[in-house]
Amino acid sequence: MIMEELDGGQHTHDDVVVAIDGPAGSGKSTVAQAVAARADLRHLDTGATYRALTLALLRQGVPPADADAVAAKSADLALELAPGRSGPVRVLLDGSVMGEELRSAEVSRAVSAVSAVPAVREQLVALQRAVISLGGIVAEGRDIGAVVWPQAEVKIFLTADPAERARRRARGESPEALALRDRRDSGRAASPTRVAPDALVIDSTGREVADIVEEIVALIAAARAGRDR
Ligand code: DC
């Protein structure tokens, strides 16, 4: 369910959708947040939707590896997205805004198995699309440009070499756990991490965040100018 805009502000159907995809540790979240702030757009972290659903299942004692139970239970969960005029789209579970609890090692361990279940993806992609359809948003994830919103005006796939990604890994995830999660995310049958054919691949290895942000902000300016013609 999508909540009414919190501030009752206007929708921005006439503004761009920016897709930023990439694996964990590619710098995707940092870049996506900064781009949204610079370009005055909303920011949807789709990974947080998979994490929130995973946390809800763990709280209910559903084993993440039991795909049937995961599919059956996930339909009943009270997961909501609350977009504002700009800035982060809040993820709510049972009416509470989710934050750092989504980053726990327990959730990180379980999220790949949960996000590989087709019924889960169907449910969350529908939720994500409802928010992205408002326009004026940076959506980050694994499959935004390829599956969720292929019509995004700006489409980026961010990469970094494995050593740098391991160095950047935040939230206490070991390099081994991160590598395992990546293999699962890119090897799964349902919508694996993949580069959309028309995405611009940006390798962030050794580059300043600010520099990458400027590159994407320039693409947004060009896309906005294109819409106005
Ligand atoms: O970006 P993240 O590490 O918070 O994402 C958590 C997990 O969610 C990731 O291991 C795979 C899944 N995910 C996905 O399958 N599709 C997305 N668009 C975003 C995340």
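Residues numbered from 1 in each chain as written. Predicted model: local features only at pLDDT ≥ 70, side-chain atom pairs only at ≥ 80, totals over all residues. Heavy atoms only, no water.

**Overview of the sheet that holds strand β8 (residues 154-159)**
If you trace the 6 strands from one edge of the open sheet to the other, you get β4-β2-β7-β1-β8-β9, paired in parallel fashion. The open sheet has two free edges, formed respectively by β4 (87-88) and β9 (200-203), since each of these has just one partner strand. For strand β2 (residues 42-45) and β4, the ladder comprises 2 bridges, and the chain directions are parallel. From the neighbouring strand, Arg42 faces β4, where its bridge partner is Gly87. In the packing of helix α5 (residues 118-132) onto the sheet, contacts are made with β1 (17-21), β2 and β7 (137-141), and the angle to β7 comes to roughly 160°. (Pairing = 2+ DSSP bridges. Helix = DSSP H or I, 4+ residues; strand = E, 2+ residues; numbered from the N terminus. Contact = heavy atoms within 4.5 Å. Axes fitted to C-alpha atoms, helices over the stretch in contact; angles between N-to-C directions.)

**Focus: the environment of Leu79**
Examined against the element boundaries, Leu79 turns out to sit in strand β3 (residues 79-82). We classify Leu79 as buried; its relative accessible area is 6%. A sequence separation of 12 residues divides Leu79 from Val91, and the C-alpha atoms of the two residues are 7.3 Å apart. (Buried < 20%, exposed > 50% of the residue type's maximum accessible area, 1.4 Å probe, protein only.)

**With respect to the packing of helix α2 (residues 46-59) against α5**
Any two packed helices are characterised by the angle at which their axes cross and by the distance between the axes. At a minimum axis distance of 11 Å, the contact between α2 and α5 shows a crossing angle of 135°. Compared by their axis directions, α2 and α5 come out oblique. For the element pair α2 and α5, the recorded crossing hand is right-handed. Residues Thr46, Thr49, Tyr50 and Leu53 of α2 pack against Val120, Arg121, Gln123, Leu124, Val125 and Gln128 of α5. (Parallel < 35°, antiparallel > 145°, perpendicular 65-115°, else oblique. Left-handed = near helix turned anticlockwise from the far one by under 90°.)

**Focus on the site of the ligand**
Every one of the 16 residues lining the ligand counts as a neighbour, but Arg51, Arg121, Asp143, Arg181 and Asp185 are closest to it. At 3.0 Å from a nitrogen atom of the ligand is found a side-chain nitrogen or oxygen belonging to Thr46. Note that an oxygen atom of the ligand is positioned 2.8 Å from one of the side-chain N or O atoms of Arg121. For the ligand, whose unbound accessible area comes to 450 Å², protein coverage reaches 97%. Looking at the shell around the ligand, the elements with two or more residues in it are α2, α4 (105-115) and α8 (175-187). With 4 residues, α2 is the single largest residue contributor to the shell around the ligand. Tallied by class, residues from the shell around the ligand come to 2 nonpolar, 5 polar and 9 charged. (Near = heavy atom within 4 Å. Polar contact = N/O pair within 3.5 Å; in protein donor to acceptor, adjacent residues only side chain to side chain. Areas by Shrake-Rupley, 256 points an atom, 1.4 Å probe, with all protein chains shown as cover. Nonpolar A, V, L, I, M, F, W, Y, C, P; charged D, E, K, R; others polar.)

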